Each structure stands twice: as structure tokens, then as C-alpha cells.
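Chain residues, written in single-letter form:
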Amino acid sequence: MSNEARKRRPPLGLFLDQSSPRLYDSVVEVFRVWHYSRRTEEAYIHWIRRYITAYLAKPISIGFSPAWLSTSMSPRLSLRIFSESRDVHGPTVLTSDAAGKVYINVAATLHVLDASGKHADTIPLAELGLYGATLTDLLALPDGRLLIGSSGNPAIQACDLALRRCAPFIQSGAQPVSAFKMAWDAQRQHLLVVDGERHRILVYNRSGELTFESRGAEGGLKLPNTVQLTAEGKAIIADTNHHRLVALDAASLSTELWEMPVSNKLGNFRRVWPTDFVLAGDRRFWVILDDDLLENGDVLLFDPDHKPVLRLALPTDWDPIKLHARDSDVLLAGYGSVELVRVS
């Protein structure tokens, strides 16, 4: 490593509390030799750090204790899942089924909580045949199977957790580059898959056959991240690079019914990239607004008229990743500590 390179930056590793040997120095040297932008460099280092903490971390022990999450209005009772290891981060994805069970992924392990929040099962992803996959979403189907989306191939696995057995869900048609998020259309018995890298929504029938594909980035969605279906036949999508939520007709995925620009008047004005949202039972929207590196987000509450009314006061080391709406509350997963927060 050149003396000039050492002068350009502080001697930090990928993790601030660890010293040499420094993977950070090697990565940065390559990027700067090839004249990549600082923003590209920071993005790659961010994802390298996440990969290491997800797959090279120490085993964890899971426990439960009540905690309080304060908002700008009032404190809310929450559920905290904690680990003895500070090196473990997550959960990264979560969902629930009709019986109230909650499924979360932490450090290449699937944890199942019963309807009361008690730990019911622990399933290493390796037992399901998922080795080294980066999970992007979970979805519980009405027939009892759990869909697991990942950046691997196949992108979506349909799993019977009781038998510890998975099989590819998609049987014909295009595979998503990465199954960012999934939603089940109970009315049409279709699965909607957000293929964010190609700026499209893929629709499969219950047999896993591709039936429809939405428009790409030109004149349509741009880096969509989340989709949620409503009883009125709307598909609401986080259209991230257009800084909005947009409601499309679920049958055609082309007719725009309304849009909700997501300015961040209550938080950091640089955090205007909607990466996840839920429409709660009271018709209000909880939205994660990230910065331009798609991290360090704020969580805002928008009223039914699409006006921001509340920003959650999150701990300083929290990076909110995933929201999930249930009948009476909303679950929030944060990256930075192993915890799952319930906001009612």
C-alpha cells in the first residue's frame, strides 16, 4: 500500500473497534486505484460489513424482555429480541401468518414466535438447503407454506417448515434478479414479486407460472422496493427512486390511482427514499425513509390524507429495515441490534 494512500484516510477497519489486519484498507485501495467514486466505495463497504455480520458472526442466544420505544407523541410498549453477541445484527426480514405466528431471519437462522411473542422454533437456513443465501423477504401463504425470497437462484423457495423441506416456487417464466419483496393477491390467487433491479413487478399464479409483468423504469416504476395489496384491489408500491408511494390497479399494474410524495418534513431532509412501508388497519401509512445510500433511515407516520404526522424517536444505533402490519399493531425490525419492536 502506497504512502500516499495512507495519508488520504484514517487507519480504520470495517469495524471501528477492530484493528489490523484491515479488510477496509484493501478494499479502499482497489476502489481508489480504479478511480471509483467515494459514494460507490461507501456503498460497497456497507454491504461487505452487512455480509460479514450476517454470515460470519458468533452464534446467538435469543431471549425476550419488555422494552419501551418512545415516539414524539407517547411511549409505546414493545417487544425486544436480544442477543448476547454484539456482533450479530438483524432481523433483516419478517412476516406473520394467519395464526399470528411471526417468522424472522437473524444471522442465517429462521426464528419462529407464537402469537403471544414466545419463542417457538429455531431453524438454521442450512437445514432448509439454503446455503449462503441473502434473504430479501418472507411471506406466509394461506396453504401453510412459507415463501423465502433471496438474491440467489432460485430467487423464491416454497418451504414446509415442519418437514424442513423447500422447493423452487417459480416453475416457468422469468426469474426475478432479486425477489426484493413479495405480496399474495388472495382475490386472484397470484403472487406479486418486486424485481427492483429491473424496475418491474412480476406476477405468478399459485402454480408458479408467470402470468404478467409490469412496465420497467421508462415511464413506470424506478427501483420499486415494497408492494402491499388492499381489499379494494389496489397494489400500493414504494417507488423508491421517484420518492413516492403509488397505488396501481392490481389487475393491470399500469393504471395509477393516486400517488403520495414522501417528503421528510419531520426528520432529516436527506432521507427521502422510501424503502419500506405498511398500510395499517387504521388507514395510516408507516414509511421507512432512507438516505441516498439506502440506510440510516427515519420512520414516519402519514395520516390517511398522506400528511406526515409523526416521526419515531429511534435509538442512535438503529437503522430501520423492515415494517410488517398485523391486525392490531405494526412490527419494526432494526439493523444495529437484534430486536423487533411492536408499535400499536
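Counting of residues starts from 1 at the beginning of each chain's written sequence and follows it residue by residue. The predicted origin of the model limits local features to residues at a pLDDT of at least 70 and limits the giving and counting of side-chain atom pairs to 80 or more, whereas totals for whole chains, interfaces and linings rest on all residues. Each side-chain value is worked out from all heavy atoms of the structure, with water and hydrogens disregarded.

Engineer: Could you give an account of the packing of aromatic side chains, naming the residues involved and the relevant values?
Structural biologist: Only Phe, Tyr and Trp rings are paired, with Trp represented by its six-membered ring, and only when their centres lie within 6.5 Å; those with planes under 30 degrees apart are stacked, over 60 edge-to-face, the remainder tilted. All chains considered together, the criterion is met by two aromatic pairs. Their ring planes at 75° and their centres at 5.9 Å tell us that Trp-258 and Phe-285 sit as a pair that is edge-to-face. Separated by 27 residues along the polypeptide, Trp-258 in strand S18 (residues 256–261) and Phe-285 in strand S20 (residues 285–290) bring together distant segments of the chain. The pair Trp-258 / Phe-285 is uniform in exposure class, with both members buried. On the numbers, 6.4 Å between centres and 45° between planes, the contact of Phe-277 with Phe-285 is tilted. By definition, any uninterrupted DSSP run of H or I lasting at least four residues is a helix, any uninterrupted run of E lasting at least two residues is a strand, and each is numbered from the N terminus. Only protein chains enter the accessibility calculation, which uses a 1.4 Å probe; a residue whose area is less than 20% of its type maximum is buried, one above 50% is exposed, and one in between is partly exposed.

Engineer: Any details on the state of the cysteines? Residues and values, ideally.
Structural biologist: In this description, a disulfide is simply a cysteine sulfur pair whose atoms lie within 2.5 Å. On inspection of all chains with the given rule, the structure shows one disulfide. The side chain of Cys-159 participates in a disulfide bridge whose partner is Cys-166; the two sulfur atoms lie 2.0 Å from each other. What sets the handedness of the Cys-159 and Cys-166 disulfide is the S-S torsion sign, and at about 110° it is right-handed. You'll find Cys-159 and Cys-166 in the same group, each marked buried.

Engineer: Just give me the short version of the pairing of strand S5 (residues 109–113), but keep the residues and values in it.
Structural biologist: Counting buried positions along S5 yields five of five residues, so the element is predominantly enclosed. Covered by surrounding structure in S5 are Thr-109, His-111 and Leu-113 together with Leu-110 and Val-112, the residues of both alternating faces. The pairing of strand S4 (residues 102–106) with S5 spans five bridges and is classified as antiparallel. Along S5, the bridge assignment pairs Val-106 with Thr-109. Strands pair, by our definition, only if DSSP identifies at least two bridges between them.

Engineer: Run through the environment of Leu-223, naming residues and quoting values.
Structural biologist: Assignment of secondary structure puts Leu-223 in the loop between strand S14 (210–213) and strand S15 (224–229). A C-alpha to C-alpha distance of 6.3 Å links Leu-223 and Glu-197, two positions 26 residues apart in sequence.

Engineer: Which residues make up the sheet that holds strand S3 (residues 93–96), and what values go with them?
Structural biologist: The strand order across the open sheet formed by four strands is S3-S4-S5-S6, and the pairing between neighbours is antiparallel. Of all strands in the sheet, those with a lone pairing partner are S3 and strand S6 (119–124), marking the two edges. Recorded for the sheet is a direction-independent mean angle of 20° between the axes of neighbouring strands. The sheet contact formed by S5 and S6 spans five bridges and is antiparallel. From the neighbouring strand, His-111 faces S6, where its bridge partner is Thr-122. Only the contacting stretch of a helix is used when fitting its axis, a line to C-alpha atoms as for every element, and angles between N-to-C directions run 0 to 180 degrees.

Engineer: Which residues make up unusual backbone geometry, and what are the values?
Structural biologist: The backbone of Arg-164 sits at a positive phi, close to 55°, despite the residue not being glycine. You can see Arg-164 is positioned in the loop between strand S9 (156–160) and strand S10 (165–168). You can call Arg-164 partly exposed: its relative accessible area is 27%. Although it is not a glycine, Asn-296 sits at a positive phi angle of roughly 55°.

Engineer: Tell me about the pattern of salt bridges, and please be specific about residues and values.
Structural biologist: For this analysis, a salt bridge means a side-chain nitrogen from Lys or Arg found within 4 Å of a carboxyl oxygen belonging to Asp or Glu. Summed over all chains, the structure comprises 15 salt bridges. Arg-200 is paired through a salt bridge with Glu-213; the nearest N and O atoms lie 3.0 Å apart. Highlighted residues: Arg-200 in strand S13 (residues 200–205) and Glu-213 in strand S14, separated in sequence by 13 residues. Put simply, Arg-311 and Asp-298 hold a salt bridge, and the shortest N to O gap is 4.0 Å.

Engineer: Can you explain the environment of Ala-167? Please cite residues and give values.
Structural biologist: Summarising the element assignment, Ala-167 is placed in strand S10. Judged by its relative accessible area of 37%, Ala-167 is partly exposed. Separated by 10 residues in sequence, Ala-167 and Gln-157 have C-alpha atoms that sit 5.4 Å apart. Sequence-distant contacts of Ala-167, defined by excluding residues within four places in its chain, comprise Ile-156, Gln-157 and Ala-158. Here, residues are in contact when the closest pair of their heavy atoms is within 4.5 Å.

Engineer: I'd like a rundown of the confidence of the model for the protein chain, residues and numbers included.
Structural biologist: Predicted coordinates in regions of low pLDDT should not be interpreted in detail. Scored between 0 and 100, pLDDT is the confidence that the predictor attaches to each residue. On average, the protein chain scores 77 in pLDDT, and the residues at 70 or more come to 75%. With pLDDT under 50 throughout, residues 1–21 is counted as low confidence; its partners more than four residues away or in other chains account for 30 contacts. Per-residue pLDDT stays below 50 along residues 56–88; that stretch engages in 86 contacts with residues further than four places along the chain or on separate chains.

Engineer: Quick rundown of the side chain of Asp-276? Include the residues and the values.
Structural biologist: Position of Asp-276 among the secondary structure elements: in strand S19 (residues 273–279). Of the buried charged residues, Asp-276 lacks a salt bridge, with Lys-322 as the closest side chain of opposite charge at 4.1 Å. Beyond its immediate chain neighbours, meaning those up to four positions away, Asp-276 contacts Lys-181, Thr-226, Trp-286, Val-287, Ile-288, Ile-321, Lys-322 and Leu-323. His is not counted, nor are the chain ends, whereas Lys and Arg count as positive and Asp and Glu as negative.

Engineer: Can you explain the side chain of Thr-226? Please cite residues and give values.
Structural biologist: With respect to the helices, strands and loops of the structure, Thr-226 is situated in strand S15. Distance and chemistry together define a polar contact, namely a pair of N or O atoms within 3.5 Å, with one atom able to donate a hydrogen and the other to accept it when in protein, and with adjacent residues in sequence counting only for side-chain atoms on both sides. Engagement of the side chain of Thr-226 in a polar contact is seen with the backbone oxygen of Thr-275, the distance being 3.2 Å. Within the structure, Thr-226 has its side chain in polar contact with the side chain of Asp-276 (distance 2.8 Å). Leave out the neighbours within four places in its chain, and Thr-226 touches Lys-181, Val-194, Ile-236, Ile-237, Ala-238, Thr-275, Asp-276 and Phe-277.

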